[in-house]
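# Architecture at a glance
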Number of protein chains: 2
Amino acid sequence: MLEEEKKEELLALLTGKKYRELKSQLVEMNEVDIASFIEELDSEKTVVVFRMLPKELASEVFACLEVEQQQHIITSITDNELRAIIDDLYVDDAVDMLEELPATIVRRVLQNSSPDTRKLINQFLNYPENSAGSVMTAEYVGLKKNMTVEQAFDYIRKYGVDKETIYTCYVMDEKRRLEGVVTVKDLLMNDYAALMGDIMDPHVIKAYTTEDQEKVVETFNEYNLLSLPVVDGEDRLVGIITVDDVMDVMEQEATEDFEKMAAMLPSEKPYLKTGVFQLARNRIPWLMILMLSSMVTGGILLKYENAFSVIPLLVTFIPMLMDTGGNSGSQASTMIIRGMAVGEVEPADILKVMWKEIRVGMLCGLSLALVNFVRLMIQYPGQVLICLTVVISLFCTVIIAKTIGCVLPIAAKTIHLDPAIMASPMITTIVDACSLMIYFQLACHLLNMKA
Amino acid sequence: MLEEEKKEELLALLTGKKYRELKSQLVEMNEVDIASFIEELDSEKTVVVFRMLPKELASEVFACLEVEQQQHIITSITDNELRAIIDDLYVDDAVDMLEELPATIVRRVLQNSSPDTRKLINQFLNYPENSAGSVMTAEYVGLKKNMTVEQAFDYIRKYGVDKETIYTCYVMDEKRRLEGVVTVKDLLMNDYAALMGDIMDPHVIKAYTTEDQEKVVETFNEYNLLSLPVVDGEDRLVGIITVDDVMDVMEQEATEDFEKMAAMLPSEKPYLKTGVFQLARNRIPWLMILMLSSMVTGGILLKYENAFSVIPLLVTFIPMLMDTGGNSGSQASTMIIRGMAVGEVEPADILKVMWKEIRVGMLCGLSLALVNFVRLMIQYPGQVLICLTVVISLFCTVIIAKTIGCVLPIAAKTIHLDPAIMASPMITTIVDACSLMIYFQLACHLLNMKA
């Protein structure tokens, strides 16, 4: 992060119109830090500072800015300046930006890009969301089988400066079909005369354009890659996915899981940039479904109206039973959902998982029941039967909650639903109904009441 | 992933004792795939296959195996074989393994490593858990300021083969203090005669050995790095952190957050490898705390015993109110906790966040209340006052839940607690007490009852 002190120093130079001094400081800085400085300026100063940057640095900084600033800069600069920036941007950065911009600005950007860039951008915009094609970049080093190490180095020196990752190069045949992979490390460790065909590794790990980005993340994690080639249906190389894009995808996928597991539809934008109506729209559907489901639990209680009008004390244990059941269940479901997300738990493990959770449930249930029994005997001495009703229900609730909590996410996965919807809120609603039924059924039996 | 077909083919060769053919197939494969093949063999066959691999490949495969297999191989091979493997392992892989192995085996491993390796391993074992020092690797390319590009290439060719990442090289002074960074891309783009001191970037982004690994992940994400140098208190370079290790840390940190947010202590090992007692130990503390807290809610209900013995119907709406309150609160808290984890939300945003959540709460509360009112008027026609009590309580509960849900995680962060403990379970317990208090207070007023 850029320190506050440094920011204020730069700001003082800017307001004091000491542009020469400001420029000499900026060119020494990292593009990420310059962008974070620019983001705090008002729109007029943004353009002043941005125009101060040398051409190449300007494109790098531009790629790091938020979409609002990018839009503002695009509308304030000349077509010539715009053309220079767009052609310098990596295609995947340009596409990310275009996906967020209003149509009129997109048109102006496309009009000002070279035909090649325009074609690439259009192609990228057409890949399905969250596919390998939508996160790949078109800038890679492609070599030929009959090139020598020396020729390869010359090629990289000549064309490599524009490529997002030059360290892994891909060897293709004349039809651009992927044949092998060569790292710069391989190039450095071999003779200048060695041929690509001899030193390349023909066992290339690759992805298809239509593959899901979650699959791509798994492949990166499994093989510890720096980049992954993406091929089309005919095995032709169309782009690469670099590790920094994969890290963004990982973060985004984890965020989506957090949101789904808290009964929300995933949001497109960061929290602070999402409008109130959008947030409400994401949250209401599940709240509504869960509210209507919990009325079933209310309906169960209705059946036992008689029990709690005879012994109203019974009602006061409802929150404790419901909360403990919900918490026990969501502990189990969270472990299983996360375990499946990172590939540690498979649906085939279901019996192993259930047997484990039942035993864990017995241990947890026993501890809670014991503590509760002691507390109840102190608070309500002599009411042994009521105490027993509460602690036996508690014990059963914990075991049932753990079992339901581990079975439902696995069941969801088996029928190709997202396991994340079987998280805490859904489990809680289901466990509530079970635990209250056990509780009042037990109360009626032990306390000799009619339901 | 290695396909099942290929696995069975290899297995057939192994059981048919066609070792020569098996070996020639194995040496063509990726080390990750070989490891996943070995992991399915019994312990005797594991050693047979492992001994078949050429020395260098053997170490690579060894690093990819699970700790049980590593332990089994270590106990089955000779000291000479062991020495070769340990000295070929990257220090951070060796340390990861040693942290899991029983003490007797650790002693045998350390006895069989060279004095240099042993010193490094011991040093690494001493860094605090989850610090930058504990995830870094000692294998990096260190250059001197007065080297030329040609000398640098020679140095990399000579020593680089052992280094985990050769693409980013670090320039140090004679006291090993970090002075600058040079990428292989820079080397390729410059003249052979250029000096490191001239082409290096002196603005190095670095970490300190004692820094938290979460901070390291943030730095990687912010600057899109491939590797990050780690320095000690005197700015001397001691190691680097590579992007593949950072991806592991990211996954591990997200898992920890999922666990904490579901009221569990984070576990060290994957779910299926964690024992039943350990799982129970991780889950009981929070279950106990939350159970005892929810008794407070029970105590509140006790105050209104009179109300629900007069109108038992009131009790049947408790699950709906509690569940909806809990869900609304955990939606808000999840968004804020995740927002803070990825650096999008800062404690300074508290007023902005509260104002947003209150408005979202009003929208959600209004929708739920309307739907509920219609349903109740159909189910209990004429009971207007009871229906009003329920829907007004529902509306207030949602708004209060959203507000508490966003305030508590930020408050926790402000007083340097982990915001993740203020997740769903804790919020639910607190919101329950509030919503039931509002509900019965309102009931007493609207329905003219004494508490």
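Residues numbered from 1 in each chain as written. Chains lettered and ligands numbered in written order. Predicted model: local features only at pLDDT ≥ 70, side-chain atom pairs only at ≥ 80, totals over all residues. Heavy atoms only, no water.

## Here we look at the overall build of chain A
Helix and strand counts for chain A stand at 22 helices and six strands. The principal-axis extents of the C-alpha atoms in chain A amount to approximately 90 × 60 × 40 Å. Excluding contacts between residues fewer than 6 apart, the proportion of contacts in chain A whose partners are at least 24 apart in sequence is 67%. Surface exposure of chain A reaches about 19600 Å², of which carbon and sulfur atoms provide 55%. Distance between charge centres in chain A, computed from 40 positive and 65 negative side chains, equals 3 Å. (Helix = DSSP H or I, 4+ residues; strand = E, 2+ residues; numbered from the N terminus. Contact = heavy atoms within 4.5 Å. Areas by Shrake-Rupley, 256 points an atom, 1.4 Å probe, with all protein chains shown as cover. Lys, Arg positive; Asp, Glu negative; His and termini not counted. Charge placed at Lys NZ, Arg CZ, Asp CG, Glu CD.)

## Observations regarding the nonpolar core
Ranked by internal contacts, the top residues of the largest apolar core, which has 122 residues, are Leu-26, Phe-220 and Ile-241 of chain A together with Leu-26, Phe-220 and Ile-241 of chain B. Beyond its immediate stretch of four places on either side in the chain, Ile-241 of chain B contacts Ala-132, Val-135, Met-136, Val-216, Phe-220, Leu-226, Ser-227, Leu-228, Val-230 and Val-246 of chain B. (Core = buried A, V, L, I, M, F, W, Y, C linked by side-chain atoms within 4.5 Å. Buried < 20%, exposed > 50% of the residue type's maximum accessible area, 1.4 Å probe, protein only.)

## As for the UniProt feature "domain: CBS" (unreviewed entry) in chain A
Those residues carrying the UniProt feature "domain: CBS" (unreviewed entry) are residues 136-199 and 200-256 of chain A in this numbering. What you have in residues 200-256 of chain A is 44% helix and 23% strand, and the ends, taken at the C-alpha atoms, are 38 Å apart. (UniProt positions renumbered as here; feature names shortened; annotations may be inferred.)

## Comments concerning the sheet that holds strand 4 (residues 207-208) of chain A
Residues and elements named next belong to chain A. Pairing in this open sheet of three strands is mixed, and the strands run 4-5-6 from one edge to the other. The sheet is open, and its two edges are formed by strand 4 and strand 6 (237-242), each paired on a single side. Both strand 4 and strand 5 (residues 227-231) contribute to a ladder of two bridges, which runs parallel. Counterpart to Ala-207 in the pairing with strand 5 is Val-230. Its contacts with the sheet put helix 15 (residues 213-223) on strand 4, strand 5 and strand 6, and the angle it makes with strand 5 is roughly 140°. (Pairing = 2+ DSSP bridges. Axes fitted to C-alpha atoms, helices over the stretch in contact; angles between N-to-C directions.)

## Thoughts on the pattern of salt bridges
Residue and element names in this part refer to chain A. Scanning the model with the defined rule gives 30 salt bridges over all chains in all. Notably, a salt bridge pairs Lys-7 with Glu-40, separated by 3.1 Å at the nearest N-O pair. Of this pair, Lys-7 sits in helix 1 (residues 4-15) while Glu-40 is found in the loop between helix 3 (31-38) and helix 4 (43-52), placing the two residues 33 residues apart along the sequence. Assessed through its relative accessible area of 55%, Glu-40 is described here as exposed. Across the pair Lys-273 and Glu-66 runs a salt bridge, and its minimum N-O distance is 2.8 Å. Of this pair, Lys-273 sits in the loop between helix 16 (243-261) and helix 17 (276-303) while Glu-66 sits in the loop between helix 5 (55-64) and helix 6 (67-76), and the two are 207 residues apart along the sequence. Given a relative accessible area of 37%, Lys-273 falls into the partly exposed group. Judged by its relative accessible area of 35%, Glu-66 falls in the partly exposed class. Taken together, the shared-partner salt bridges in this structure form one network comprising Glu-66, Glu-68 and Lys-273. (Salt bridge = Lys/Arg side-chain N within 4 Å of Asp/Glu carboxyl O.)

## Side note on a nonpolar patch on the surface
Residues and elements named next belong to chain A. Where nonpolar side chains cluster on the molecular surface, the patch consists of Val-384, Leu-385, Leu-388, Ile-392 and Leu-446 and spans about 340 Å² of accessible area. Among the elements that take part in the nonpolar patch, helix 21 (residues 384-414) stands out by supplying four residues, more than any other. With respect to the helices and strands, the residue Leu-446 is situated in helix 22 (residues 424-446). Take Leu-446: its relative accessible area is 30%, and that puts it in the partly exposed class. (Patch = residues over 30% accessible without salt bridge, like charges linked within 9 Å, V, L, I, M, F, W, Y side chains within 5 Å.)

## Describing the packing of helix 19 (residues 318-341) of chain A against helix 22 of chain A
The description of two helices packed together rests on the angle between their axes and the distance between the axes. Residues and elements named next belong to chain A. Between helix 19 and helix 22, the least distance of the axes is 8 Å, while the angle of their chain directions is 135°. By the angle between their axes, helix 19 is oblique relative to helix 22. For the crossing formed where helix 19 meets helix 22, the hand is right-handed. Mapping the contact onto sequence places Ile-318, Leu-321, Met-322, Gly-325, Gly-326, Gly-329, Ser-330 and Ser-333 in helix 19 and Ser-424, Ile-427, Thr-428, Val-431, Asp-432, Ser-435, Leu-436, Tyr-439 and Phe-440 in helix 22. (Parallel < 35°, antiparallel > 145°, perpendicular 65-115°, else oblique. Left-handed = near helix turned anticlockwise from the far one by under 90°.)

## A word on the relation of the copies chain B and chain A
The two chain copies are related to each other by a rotation about an axis together with a translation along it. Rotating chain B by 180° about the axis while translating it 0.0 Å along that axis superimposes it on chain A, leaving an RMSD of 0.3 Å. Considering both components of the superposition, the chain copies are consistent with a two-fold axis. Of the C-alpha atoms belonging to chain B, the one lying closest to the rotation axis is found on Ser-309 of chain B, 2.7 Å away. Interface residue correspondence from chain B to chain A reaches 99%, placing this contact among same-surface, isologous pairings. (Least-squares fit on C-alpha atoms with pLDDT ≥ 70 in both.)

## Section: the state of the cysteines
Residue and element names in this part refer to chain B. Applying the stated rule across the entire model yields zero disulfides over all chains. This cysteine, Cys-387, is not joined by any disulfide, and Cys-396 carries the nearest cysteine sulfur, 16 Å off. Using a relative accessible area of 2% as the deciding quantity, one classes Cys-387 as buried. Its sulfur unpaired, Cys-444 is 15 Å from the next cysteine sulfur, which belongs to Cys-396. Taking relative accessible area as the criterion, Cys-444 reaches 7% and is therefore assigned buried. (Disulfide = S-S within 2.5 Å.)

## Quick word on the interface of chain B and chain A
Listed as interface residues are 113 residues of chain B and, on the opposing side, 112 residues of chain A. Summed over both sides, the interface between chain B and chain A buries roughly 10700 Å², with carbon and sulfur atoms accounting for 69% of that surface. Remark: the boundary between chain B and chain A carries two salt bridges. Note that Glu-357 of chain A and Arg-283 of chain B form a salt bridge whose closest N and O atoms lie 2.8 Å from each other. Here chain B is connected to chain A by 31 residue pairs in polar contact (both at pLDDT 80 or more). Here the side of chain B that touches chain A takes 16 residues from helix 17 (residues 276-303) of chain B, the largest share from any one element. The class makeup of the residues in the side of chain B that touches chain A is 64 nonpolar, 26 polar and 23 charged. (Buried area = accessible area lost by both parts, 1.4 Å probe. Polar contact = N/O pair within 3.5 Å; in protein donor to acceptor, adjacent residues only side chain to side chain. Nonpolar A, V, L, I, M, F, W, Y, C, P; charged D, E, K, R; others polar.)

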